[in-house]
Amino acid sequence: MTQRIFILFAGFIISTLPLTLGAQSFSLADPGFNKCQNPAASWVDLDNDGDLDIFISGVDESNLPNYHIYRNDGGGSFVEFYPAITGVTYAACAFGDLNNDGLADLALSGYDGSNDICKIYRNEGGFVFTDISAGIIGLSDGSLAWADHDHDAFTDLLVCGFDNDDYPVTKLYKNENGNSFTEVSLSLSGLAKSSLSWSDLDNDEDFDFAICGLDSLGQARTYIYVNQDGDYTKMGAGITGLYGGMLDWGDYNNDGYADLLISGLDDTNASQTYIYKNVSGSSFVQLAGSYSDVANGSSFWGDFNNDGLLDIIVAGRPQTGISPPPPADDPFMNVYLNISEDQFQEHQIPLPVPYDNHIVCGDYDNDSDLDLLLTGSFVNPISGSDDHTILFRNEATSVNNAPAAPTGLGYEVAGTDLIFEWSATIDDQTPPAGLNYNFRIGSQPDNMDFLSALADP
């Protein structure tokens, strides 16, 4: 199989005991992170030293919008840095390399205590960040995502949320050679209390995206927009409209097509969680089965037991939609292990779970398994709630080794187009169709000054 890539040049008390999930377990790592409420969080290697650092923004212990950046020094040690970044709540954050210098730059939106804002901060190295005054519309209670939507080798920014008039908006901003941004003229439905994510759902070598949230009439919507030469049209995918949740792309069946996981509240204000199977990029089919329902929580893909198949974590608190609402259930976290043939096996993880949360997974200790960062408001039987940011280390003993390096790299020039090809590699667990590749182009070996992969060379 030959892989191809197309580029157009124009560029309370928390247990410390191991908590078991089947043959694997999680244990508490306690680096002493700051508390955070209404958060956004991300793992990202900010200093290119080969391990994952942490960014968090939300309400701090003083009930003020704030942010925290922690440098991963290895051995479970994190050091906080204080660059000139505006802290926000009802936040969204996303990292991408806006100027192809190999450093992860930050897009951040939310409420700063006075206004809704959206800023882009250029990573100058050494944990120094500069606000580039990008002129992005101020937003809160939304989502951000980077992708090179027009194949010019510069990553563009998709945003959604409430503007300063509490009106839901969705906008795409074109990256002008890493220096500035201009709004792309598109007819996109504005959504807030929202989540969005890019993926090439039909494998036609450009980025499409999915988005869910509340529209201007207060109705829950989920749309899939298909990229057609830089314009976007809604796909009649039949995805249930949800808001106040999360959506995530992942190829759970390793057929080479990204499938969709979505959770949140429907129009009856009842929480739901669905998996939609991507059928060859042309349609979506809802998987049978019951999955834990959460609102204002987290749901995402990850291979947590290293068997080469994407599993699911769903975490938060369910909501019935009944009026008046019954007493709230305690928040929970469930893992659904992928056992193939469109089947997932539920396992409860007895971890303390925030009910209004942002949970992200990443291998912070480089032991080849996915660890969990949890931040948000936890149930406290005395005070009612308590905010925490905690880290759980995956103690998985199974190993999924890195695939072999691709071979047979070649290219052809067609006008202003470059078409790259290489031979598909192999992996211990994942079939070739289920593997993804990071691609970079540089003027010298190990450089990525023409196209950044945001990955270690």
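Residues numbered from 1 in each chain as written. Predicted model: local features only at pLDDT ≥ 70, side-chain atom pairs only at ≥ 80, totals over all residues. Heavy atoms only, no water.

1. Describing the environment of N123
As for its placement among the helices and strands, N123 is situated in strand β10 (residues 116-125). For N123, a relative accessible area of 1% puts it in the buried group. Taking the C-alpha atoms as reference points, N123 and L106, 17 residues apart in sequence, are found 7.4 Å from one another. Ignoring sequence-local partners within four residues, the contact set of N123 consists of L46, D101, L103, A104, D105, V128 and F129. A polar atom in the side chain of N123 sits 3.1 Å from the backbone oxygen of L46. A polar side-chain atom of N123 sits 2.8 Å from the main-chain amide nitrogen of G125. (Helix = DSSP H or I, 4+ residues; strand = E, 2+ residues; numbered from the N terminus. Buried < 20%, exposed > 50% of the residue type's maximum accessible area, 1.4 Å probe, protein only. Contact = heavy atoms within 4.5 Å. Polar contact = N/O pair within 3.5 Å; in protein donor to acceptor, adjacent residues only side chain to side chain.)

2. Describing the environment of D131
Tracing the chain through its elements places D131 in strand β11 (residues 128-131). Judged by relative accessible area, which is 29%, D131 ranks as partly exposed. Within the structure, the side chain of D131 is placed 3.2 Å from the side chain of K119, a separation counted as a polar contact. Looking at D131, its side chain comes within polar contact range of the main-chain nitrogen of S133, at 2.9 Å.

3. Some thoughts on the sheet that holds strand β25 (residues 311-317)
Sheet architecture is open: 4 strands sit in the order β24-β25-β26-β27, paired in antiparallel fashion. On the outer flanks of this sheet lie β24 (295-302) and β27 (344-348), each paired with one strand and no other. Across the sheet, the axes of successive neighbouring strands diverge by a mean angle of 20°, strand direction being ignored. Across 5 bridges, the pairing between strand β26 (residues 332-338) and β27 is antiparallel. Looking at β27, one finds that N338 is bridged to F344. (Pairing = 2+ DSSP bridges. Axes fitted to C-alpha atoms, helices over the stretch in contact; angles between N-to-C directions.)

4. Topic: the side chain of T170
Looking at the element boundaries, T170 is found in strand β14 (residues 168-176). Since its relative accessible area comes to 9%, T170 is described here as buried. At 3.2 Å, the side chain of T170 and the backbone nitrogen of L191 are in polar contact. Excluding anything up to four places from it in sequence, T170 contacts L158, V159, C160, L188, S189, G190, L191 and I211.

5. Observations concerning the pairing of strand β16 (residues 192-199)
Counting buried residues along β16, 7 of its 8 residues qualify, which places the element largely inside the surrounding structure. Across 6 bridges, the pairing between β16 and strand β17 (residues 208-214) is antiparallel. Bridged to S199 within β17 is D208.

6. Observations concerning the pattern of salt bridges
If you walk through the whole model with that rule in mind, you get 12 salt bridges. Where D73 meets R71, a salt bridge forms, and the shortest distance between an N and an O atom there is 2.6 Å. For R71, a relative accessible area of 23% gives the class partly exposed. It is possible to trace a salt-bridge network through shared partners that takes in D365, D367, R393 and E395. (Salt bridge = Lys/Arg side-chain N within 4 Å of Asp/Glu carboxyl O.)

7. Comments concerning the packing of aromatic side chains
As enumerated under the stated definition, the model contains 23 aromatic pairs in all. Chaining the aromatic ring pairs together yields one cluster made of W198, F207, F209, Y223, Y225 and Y232. We note K234 situated over the ring of Y223; from NZ or CZ to the ring centre the distance is 3.9 Å. (Phe/Tyr/Trp six-rings, centres within 6.5 Å; stacked < 30°, edge-to-face > 60°. Lys NZ or Arg CZ within 6 Å of the ring centre and 35° of its normal.)

8. Observations concerning the pairing of strand β5 (residues 53-59)
The side chains of a regular strand alternate, residue by residue, between the two faces of the sheet. By the criterion of burial, β5 is predominantly enclosed, with 7 of the 7 residues buried. In terms of strand pairing, strand β4 (residues 37-44) meets β5 through 6 bridges, oriented antiparallel. Paired with W43 across the two strands is I54, which belongs to β5. Relative to strand β6 (residues 65-74), β5 runs antiparallel, the two being bridged by 6 bridges. Opposite V59, over in β6, you have P65 as the bridge partner.

9. Details of the side chain of S263
When you line up the elements, S263 lands in strand β21 (residues 259-265). A polar side-chain atom of S263 sits 2.8 Å from a polar atom in the side chain of S299. When near neighbours in sequence (up to four residues on either side) are disregarded, S263 contacts L242, G245, M246, Q272, T273, V294 and S299.

Interpretation note: all reported values are geometric properties and have no functional meaning in isolation.
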